[in-house]
Amino acid sequence: MNHQENLTAYLQSFVNELVRNGIKNAVISPGSRSTPIALLMAEHSQMNVHVHVDERSAAFFALGMAKALKEPTVLVCTSGTAAANYFPAIVEAKISRIPLIVLTADRPHELRDVGAPQAIDQVNLYGNQVKWFMEMSPPDAAPEMLRYVKTVSSRAVASAMKEPKGPVHLNMPFREPLIPDFDHIEKYENESRHVEIINGTLTVADEYIKGLAQRLEGMRKGIIVCGEIDNENFSAAILDLAKEFNFPILADPLSQLRSIDDPDNLIVDTYDVFLRNDAVKQALAPEVIIRFGSMPVSKPLTLYMKQSEALQIVVDGGAGFRDPNQLTAEMVYCDETLFCRKLAEYAKKNKHNDGKLWKDINEKTKQALSQVANISELSEAKLFHLLAELLPDNSVLFVGNSMPIRDLDTFFHKQRKNISIYANRGANGIDGTVSTALGVGAAKQQPLYLVLGDLTFFHDMNGLIAAKQYNVPITIILINNNGGGIFSFLPQAQHPKHFELLFGTPLDIHFEHIIRMYGGKYHAVEDWDHLKSLCASGEEFGIRLFEIKTNRDENLKEHRQIMTNVSQEIQHFLRDDKK
C-alpha cells in the first residue's frame, strides 16, 4: 500500500473501534497536523463532531459533555502548543474522574528536536495527570498494525472508563501528505473487533458488610456525608440505607440529593451554617461518619469532620484516597450503590438514633436563614436563596467557583424541581467555567443556567462561541462585584495596603458589549422583581446575560450579619431544648 492507503486504513480502523466501543462525541480544535483524524471523524456517520477554535475552551467543553453524559468525549488537536492548552481541563478531569480521550497529532519522529516548526516534545506531555499514555506508531496498514491500532483504541476507551474514570492521552505522529483516501474509503472498513474490554464493579466481602452492620446497630449517633458523586441509582440506595439506620444525610449541593423526594426528612442541607457554632458541634458529636463522594464544598463541615473523634468510613467505588484530613479508619473500595444496598440488607432498625436533633437544628437554621428573603437591595445571598424559585423544573444549574459555589451550599436548600447541579470542583479553578457549562448544556439539552462571578466570566468569555455555533441556549446570571469577592472573606483582607492590587483585582468591564458580540441579549438587573420577570420570560432564550451588580464590602458585612443572627437563634434553640 502507498502512504495514503496506509494512513486511511490505520486511522479508519481506529475511529471505527472508538465508535464500536460507544464513543459518540468528538471535540476538534482546528489544525493542520490533525487533518487526517479530524476528517475521518467528521466523515463517520455515527460520530458527532464539535469544532472549537480555542483549545483551552475546547477541552473544557469536552469535559462538560463527558461530565453530563457519563461517557468519554474525544479531544483532537494539532501539534505544538495547541496540545499544551488542553492541560487545565485534563487536570480537572483527572481529579474529578471525568473520562476524556485526548488525541494529539504530532510531527513524525524524524522531525522532532531538529528545529521543525510547530514541534514540541509531546511524549508524556501531561505527565501523571492522565491515567494512561501511548505514543502510537506512524500509520501502517499491515494486518498486525491494524490489530494494534484497534487494540489501542479499545484500550483507550476502557482505560478512561475504568474506575476511577479519567483522561487518557494518545500521541499520534503523522507524515505528509495528510489527506485520507475518501474515494475508496469503504474498502478500509473492517467490522471485526480485535478486543472487547469489559469493566467490572468493585465489591467487598459480605462478611465485612455484615460485621459493619452489627457494629452500627449499637451506635446512637451516626451521620452520612455525601459529596459530589456520579453513581447510577445512588440517591434511592442512600435514602434506603439512611432510613434503616436512622442516620441523617449531610448532602452537598453537588450530590444531587437536594433535588429528590425525601419523605422521611433525612436530608440535612444547612450544615454549612450551623456547624460554625461550637455548641452545636458539641451537641452533634457523632460516633460514626460514613462518607461518599468527593470532599464537600463546605469548609465548616470539613473542619467538623477533622475535629471529630468518630469512627470515619469512606466508601469509594473508584478506589482512590479522598481523605485530606487523614482521619479515615476504614477506606472501603466498593461501588457506592452496591455498598448501600448490601449494608441495608443486613441492617436492623436502629431505634436509638433518629437524628431528631439534626433535623430540628436544620429546620431552625432554615427558618433563621429565611430572613434573607427580606433583603430589598440586590444581594448575593438572596440570589441563591431565590434560585429554586427562579429556575424551571428539570433545569441544569452550573455554578462557578469561589463565592458562588459557597453561597449555593449555604442558601440553596431542598426543592422538588429536579434541578441538576454541576461545578468544576476537582481542582476548584475558575478557568473554563463557561465552556464546561456549555458542554453540559449541549449534552443534557435542558434549560441551562450558569451563575458565576465577573472574574470567572472574564477567564472564559471566548467559550461563548460554542453557544452561538451549536445553538446551546444558556442563561448567565453574572454576579459583578468588580473583583475577587472571596478574598474579602480571607485573612489577606486584613492587610489593605496591597489588597486591591493583588487580590481585589477590579476589572471595570462593561459586559454588555461582550455578550452582544456573540449575538446574545444583555439585561442589567434593576431589582428582584425585574430578575424574576427576566427568568420567567423565555421568548429570547438563546444567549442571555443578567448582570447583578453588588458591592464586595457590603456583601461581606451582609454575610457576617446573617451568620451572627442565625447563630444567636440556634443558641436560643439549644438552651430551650435542654430545659
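Above this text is the structure in question.
Parameters and conventions
- Residues numbered from 1 in each chain as written.
- Predicted model: local features only at pLDDT ≥ 70, side-chain atom pairs only at ≥ 80, totals over all residues.
- Heavy atoms only, no water.
- Helix = DSSP H or I, 4+ residues; strand = E, 2+ residues; numbered from the N terminus.
- Rg over C-alpha atoms; globule rule 2.2 N^0.38 Å.
- Buried < 20%, exposed > 50% of the residue type's maximum accessible area, 1.4 Å probe, protein only.
- Contact = heavy atoms within 4.5 Å.
- Areas by Shrake-Rupley, 256 points an atom, 1.4 Å probe, with all protein chains shown as cover.
- Lys, Arg positive; Asp, Glu negative; His and termini not counted.
- Charge placed at Lys NZ, Arg CZ, Asp CG, Glu CD.
- Pairing = 2+ DSSP bridges.
- Patch = residues over 30% accessible without salt bridge, like charges linked within 9 Å, V, L, I, M, F, W, Y side chains within 5 Å.
- Salt bridge = Lys/Arg side-chain N within 4 Å of Asp/Glu carboxyl O.
- Core = buried A, V, L, I, M, F, W, Y, C linked by side-chain atoms within 4.5 Å.
- Phe/Tyr/Trp six-rings, centres within 6.5 Å; stacked < 30°, edge-to-face > 60°.
- Polar contact = N/O pair within 3.5 Å; in protein donor to acceptor, adjacent residues only side chain to side chain.
- Right-handed = clockwise from strand over helix to strand, strands pointing away.
- Axes fitted to C-alpha atoms, helices over the stretch in contact; angles between N-to-C directions.
- Expected span 1.5 Å × (residues − 1).

Trainee: Help me understand the overall build of the protein, please; the structure alone is not making it clear to me.
Mentor: Helices and strands together make up the secondary structure of the protein, namely 22 helices and 18 strands. A compact globule built from 579 residues should have a C-alpha radius of gyration of about 25 Å, and the protein, at 26 Å, falls within 12% of that. When its C-alpha atoms are laid out on the principal axes, the protein stretches across 90 × 60 × 45 Å. Relative to its 579 residues, the protein shows a buried fraction of 57%. Sequence separation of 24 or more characterises 77% of the internal contacts of the protein that already satisfy a separation of 6 or more. Carbon together with sulfur atoms contributes 50% to the accessible area of the protein, which is approximately 23800 Å² in total. Within the protein, the 72 negative side-chain charges are centred at a point lying 5 Å from the centre of the 60 positive side-chain charges.

Trainee: Looking at this model, I keep getting lost on the pairing of strand β4 (residues 100-106). Mind explaining?
Mentor: One face of the sheet, then the other: side chains in a regular strand alternate in exactly this way. Burial within β4 is extensive, with 7 of its 7 residues counted as buried. Going residue by residue along β4, you find L100, V102, T104 and D106 tucked away on one face and I101, L103 and A105 tucked away on the opposite face as well. Sheet topology note: the strand β3 (residues 73-77)/β4 ladder contains 5 bridges and is parallel. Bridge pairing in β4 places T73 opposite L100. Where β4 lies against strand β6 (residues 167-173), 7 bridges are found, and the strand directions are parallel. Counterpart to L100 in the pairing with β6 is P167.

Trainee: Sorry if this is basic, but what is going on with a nonpolar patch on the surface here?
Mentor: Taken together, the side chains of L202, F321 and Y333 define a hydrophobic patch exposed on the protein surface, amounting to about 290 Å² of accessible area. Mapped onto the elements of the fold, F321 is located in the loop between β11 (311-315) and β12 (330-332). Judged by relative accessible area, F321 falls into the exposed class, the value being 59%.

Trainee: Looking at this structure, how should I read the environment of H513?
Mentor: Residue position: H513 is located in helix α20 (residues 511-517). By relative accessible area, H513 is classed as exposed at 53%. On a C-alpha basis, the gap between H513 and A442 in space is 25 Å, while along the polypeptide they are 71 residues apart.

Trainee: Explain the environment of E569 to me, please; I cannot follow it from the model alone.
Mentor: Checked against the element boundaries, E569 lands in helix α22 (residues 552-578). Between the C-alpha atom of E569 and that of L390, which follows or precedes it by 179 residues, the distance is 28 Å. Apart from residues no more than four positions distant in its own chain, E569 is found in contact with K364 and A368.

Trainee: Which parts of the structure should I look at to understand the nonpolar core?
Mentor: A general tendency of soluble globular proteins is for nonpolar side chains to be buried together. Formed by 57 residues in total, the largest nonpolar core has its most connected members in F274, L383 and L397. Per-element tally for this core: the top contributor is helix α14 (residues 380-390), with 7 residues. Among the nonpolar cores identified, the runner-up in size contains 50 residues, and A68, L438, L464 and A467 belong to it.

Trainee: I'm lost on the packing of aromatic side chains in this one. Help?
Mentor: Given two aromatic rings, one states the distance between the centres and the angle between the planes to describe the pair. For the structure on display, the rule yields 8 aromatic pairs. Measuring from ring centre to ring centre gives 5.9 Å for F274 and W358, while their planes differ by 65°; the resulting arrangement is edge-to-face. Residue F274 is located in helix α9 (residues 271-274), and its partner W358 is located in helix α13 (residues 356-369); the two are separated by 84 residues in the primary sequence. By relative accessible area, F274 is classed as buried at 0%. Residue classification places W358 among the buried residues on the basis of a relative accessible area of 7%. Relative to F511, the ring of F457 has its centre 5.5 Å away and its plane inclined at 50°; by these criteria the two rings are tilted. Of this pair, F457 sits in helix α17 (residues 454-459) while F511 is found in helix α20, placing the two residues 54 residues apart along the sequence.

Trainee: Please explain the side chain of S379 as it appears in this structure.
Mentor: Note that S379 resides in the loop between α13 and α14. On the basis of relative accessibility, which here comes to 3%, the residue S379 falls in the buried class. At a separation of 3.3 Å, a polar atom in the side chain of S379 contacts the main-chain amide nitrogen of A381. The contacts of S379, once residues within four sequence positions are left out, are W528 and E558.

Trainee: Is there a simple way to think about the pairing of strand β10 (residues 288-292) in this case?
Mentor: Here β10 lies mainly inside the structure; 5 of its 5 residues are buried. On β10, burial covers both faces: V288, I290 and F292 on one face and I289 and R291 on the other are all buried. Note that strand β7 (residues 222-226) and β10 share 5 bridges and pair parallel. The residue bridging I224 from the neighbouring strand is I290, located in β10. For β10 and β11, the ladder comprises 5 bridges, and the chain directions are parallel. Bridge pairing in β11 places R291 opposite V314. Handedness of the β10-helix α11 (residues 299-307)-β11 crossover: right-handed.

Trainee: What exactly am I supposed to notice about unusual backbone geometry here?
Mentor: The bulk of non-glycine residues show a negative phi, and the bulk of peptide bonds are trans. A cis geometry characterises the amide bond from E163 onward to P164, with omega recorded as -10°. For P164, the position within the fold is in the loop between α6 (143-161) and β6. Look at the link from E176 to P177: it is a cis peptide, with omega at 0°. Within the secondary structure, P177 is located in the loop between β6 and α7 (206-217).

Trainee: Looking at this structure, how should I read the sheet that holds β11?
Mentor: To summarise the sheet geometry, strands pair through backbone hydrogen bonds and adopt either a parallel or an antiparallel arrangement. Read from one edge of the open sheet, 6 strands run β9-β8-β7-β10-β11-β12, paired in parallel fashion. The sheet is open, and its two borders are formed by β9 (267-268) and β12, each paired with just one other strand. Alignment of β11 against β12, held across 3 bridges, turns out to be parallel. The residue of β12 that forms the bridge with I313 is E330. Its contacts with the sheet put helix α8 (residues 234-245) on β7, β8 (249-251), β9 and β10, and the angle it makes with β7 is roughly 170°. Relative to the sheet, α11 contacts β7, β8, β10 and β11, its axis offset from that of β7 by approximately 135°.

Trainee: Please clarify how helix α16 (residues 433-444) should be interpreted in this entry.
Mentor: In an α-helix, one turn spans 3.6 residues, which is why side chains three or four residues apart end up on the same side. Under the 1.5 Å per step criterion, the end-to-end length of α16 is 16 Å for 12 residues, consistent within 8% with the ideal 16 Å. Within α16 the residues assigned to the buried category are T433, V434, S435, T436, A437, L438, G439, V440, G441 and A443. Once α16 ends, the next one or two residues include Q445, with phi positive near 50°.

Trainee: I keep staring at the sheet that holds strand β16 (residues 474-480) and nothing clicks. Help me out?
Mentor: With respect to topology, 6 strands assemble into an open sheet ordered β14-β13-β15-β16-β18-β17, the strand pairing being parallel. The open sheet has two free edges, formed respectively by β14 (420-422) and β17 (521-524), since each of these has just one partner strand. Strand-to-strand twist across the sheet, computed as the mean angle between neighbouring axes with direction ignored, equals 20°. Lying on the sheet, helix α21 (residues 528-536) is in contact with β15 (448-453), β17 and β18 (543-549); it crosses β18 at an angle near 170°.

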